[in-house]
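Below are the chains, spelled out letter by letter.
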Amino acid sequence: MMLSPEQKKRGVVAASAGNHALALAYHGTDLGVPVTVVMPISAPLMKVESCKGQGATVIVKGAHLGEAKEIALKLGKENGYQYINGYDHPHIIAGQGTMGLELVEQVTDIDAVLIPVGGGGLIAGTALAIKSLYPNIQIIGVEAESCSSFSAAQDADHPIYTSPSSTLADGLSVPMVGINAFATARGLVNKMVTISEHWIAITILRLVEMEKAVVEGAGAAALAAVLAGQLPELQGKRVIIALTGGNIDTTILGRCLDRGLAADGRLVRFGVTVSDRPGGIAELTKLLASMGASLKDIFHERAWLKSDIFSVHVKCVIETKDRDHADKVYQALCARYSHIIWGPSQVDL
C-alpha cells in the first residue's frame, strides 16, 4: 500500500521459500498489484501451487533461498519491479513486531518467548516490541542445525553466509540473516539454540497426535527445542512458544510422521536370518504377532547371504507401542535367532 501508483502498475518481486510469497500473492491480487515470486527448488510443492492459485507469477529456480534472492533482484532490476524483502525491510520487521504486541496483550506474567529464526525479521520485530514494554521477558531464538545463520552472525558479530543443507524447516533455511534484522535483534535476544532434524520430526508428530495441529517444520522448531530438553531453565516458567506456519506438503507430512515414529522408537527396521525351510518366515511373523508388534513391511533375500544355504535373511519394518515395547521385541528375537541386525544399519551379509 506504500508503493507509488506507477510502481503498483509495474508490480513487485520477492524471493521466498513459501510463506512470504503466499502473503504477497494474496495481498497483491487483492490490491491489483502484479506479483512475481522466485522460489528455490526445495520449496514445498503445496506452497508453489498455492502461490500460483493466488495469481502470482511463480519462478522455481535456485538451490536455496540465497540463490532465489539473487534471481529475484536481477528480475526486479531488469523489469522495474520493486523487490519486497520478506524479513529485512524495516516496514516488514515492524509489521512482524505486531505479533509481540498481541502476545503481551493476550498473556500476562510472561517469563519467556520462543521464536523460530530464519532471516531474523520475526524475532527482531517481536523482540523490539516486547522488550520495549517488558524488558525482563526473555527472548529465545531457535534455528535449524542445517542453517544457523543468526548464530553464525552472533559469533562473527555481523551477518555472514552460512551454507544451508536440506531440512524439514525449509522456512528457516536462510543462508544469511538480514542486516537490518540482525542489527535490531542482536541486543534484544537473550539466547539462541539450534535444533536437529530428529527433534523437528518428533515435534511435528507430537503436535498432530496431541494437539491435532498440522505445523510445518519451521513452525515447530521452537517447541522442538523444549521437547529436546535444551531449555531446562524454563521448567515451571510461563512461556509462549510461537508455532509460525502450517504450510506443509501432505507427502512431506507423511515422511515427517514416519521419521517421528522412527525417532520415537515406534517404527523399527531390523534384519534377521531365519530358516529357509517351509514355515521359517511364518514362525518369525508369529513371534512378532505374539509380541503385539505390527508388521508394516517385509522383504527377504537369499542370493547375497554368506551363511547357511538353507537360510534366508528377512528385513522387516514393524510398528511398536513405544521404545520399551521395541526393546522387548528385540529381546524376544535375540532369544530365538542368532543373527539379528537391529535398527537402520545394514551390513554385508
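In this convention, every chain numbers its residues from 1, walking through the sequence in written order. It should be noted that, the model being predicted, local features are given only for residues of pLDDT at least 70 and side-chain atom pairs only at 80 or more, the latter also being counted only at that level, while totals for whole chains, interfaces and linings use all residues. Note that the side-chain values use all heavy atoms of the structure and ignore hydrogens as well as water.

J.: Sorry if this is basic, but what is going on with unusual backbone geometry here?
T.: Note: most peptide bonds trans; most residues except glycine with negative phi. The phi dihedral of Asp157 falls on the positive side, at around 70 degrees, and the residue is not glycine. Following the sequence through the fold, Asp157 ends up in the loop between α7 (149-156) and α8 (179-185). Three labels apply to residues, based on accessible area from a 1.4 Å probe with only protein chains included: buried if under 20% of the type maximum, exposed if over 50%, partly exposed otherwise in between. Looking at Asp157, the relative accessible area reads 48%, which means it is partly exposed. Secondary structure elements follow DSSP: runs of H or I of four or more residues count as helices, runs of E of two or more count as strands, with numbering from the N terminus.

J.: Before we go on, may I ask you to explain the packing of helix α2 (residues 19-31) against helix α3 (residues 45-53) in this structure?
T.: Axis angle and axis distance: for two packed helices, these are the angle between their axes and the distance between the axes, and together they describe the pair. To obtain each axis, a line is fitted to C-alpha atoms, and for helices this fit is confined to the stretch in contact; angles are then taken between N-to-C directions over 0 to 180 degrees. At a minimum axis distance of 9 Å, the contact between α2 and α3 shows a crossing angle of 10 degrees. The angle between α2 and α3 falls in the class roughly parallel. Counted together, Asn19, Ala21, Leu22 and Ala25 of α2 and Lys47, Ser50 and Cys51 of α3 form the full contact between these two elements. Amino acids are sorted into nonpolar (Ala, Val, Leu, Ile, Met, Phe, Trp, Tyr, Cys and Pro), charged (Asp, Glu, Lys and Arg) and polar (every other residue, Gly among them). Residues of the contact of α2 with α3, tallied by class, amount to four nonpolar, two polar and one charged. For classification purposes, an angle smaller than 35 degrees is called roughly parallel, one larger than 145 roughly antiparallel, one from 65 to 115 roughly perpendicular, and anything else oblique. Here a residue-residue contact requires only that any non-hydrogen atoms of the pair lie within 4.5 Å.

J.: Help me out: how do you make sense of the sheet that holds strand β5 (residues 112-116) in this one?
T.: Backbone-to-backbone hydrogen bonds join strands into a sheet, with any given pair of strands oriented parallel or antiparallel. Paired strands, as defined in this entry, are two strands with at least two bridges between them according to DSSP. If you trace the four strands from one edge of the open sheet to the other, you get β7-β6-β5-β8, paired in parallel fashion. The strands lining the two open edges of the sheet, one partner per strand, are β7 (191-195) and β8 (239-241). With direction set aside, neighbouring strand axes in the sheet form an average angle of 20 degrees. By the bridge criterion, five bridges tie β5 to strand β6 (residues 138-144) in an arrangement that is parallel. Bridge pairing in β6 places Pro116 opposite Val142. The strands touched by helix α6 (residues 121-133) within the sheet are β5 and β6, with β6 carrying the most contacts at an inclination of about 170 degrees.

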